[in-house]
Amino acid sequence: MSIADHFDHAPDAGFVRSYDSHAARRQFQISLVLVLILSVAAFALGLLVRFDDPAGNGAPSAVHDVHFAGNLADFRG
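Engineer: What is the right way to look at the overall build of the protein chain in this model?
Structural biologist: Helix and strand counts for the protein chain come out as one helix and zero strands. When the accessible area of the protein chain is evaluated, it comes to approximately 8,400 Å², of which 64% is carbon and sulfur surface.

Okay, structure coming up:
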């Protein structure tokens, strides 16, 4: 059907024409707190995470020993 066939005035969906300033202020403050929490968490992760040096820096790397928490079971027999 064409849009020209629908001339009835239906109300707008949602709250398009009226805004609650108190609810908008509360939502804005909550959004600021969430952004602050995320930025503090990202900063803390940036301080705690340590990356290894690049492998291709030209210096000879030391051979690392492999350490196990225990002995492997012997199933040969």
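Engineer: Honestly, a nonpolar patch on the surface in this entry has me stumped. Any pointers?
Structural biologist: Taken together, the side chains of Phe43, Leu45, Leu47, Leu48, Val49 and Phe51 present a nonpolar region at the surface, about 720 Å² in accessible area. Relative to the helices and strands, phenylalanine 43 resides in helix α1 (residues 21-48). Phenylalanine 43 sits in the exposed class, given a relative accessible area of 58%.

Here is what the cut-offs are and how they apply
Residues numbered from 1 in each chain as written. Predicted model: local features only at pLDDT ≥ 70, side-chain atom pairs only at ≥ 80, totals over all residues. Heavy atoms only, no water. Helix = DSSP H or I, 4+ residues; strand = E, 2+ residues; numbered from the N terminus. Areas by Shrake-Rupley, 256 points an atom, 1.4 Å probe, with all protein chains shown as cover. Patch = residues over 30% accessible without salt bridge, like charges linked within 9 Å, V, L, I, M, F, W, Y side chains within 5 Å. Salt bridge = Lys/Arg side-chain N within 4 Å of Asp/Glu carboxyl O. Buried < 20%, exposed > 50% of the residue type's maximum accessible area, 1.4 Å probe, protein only.

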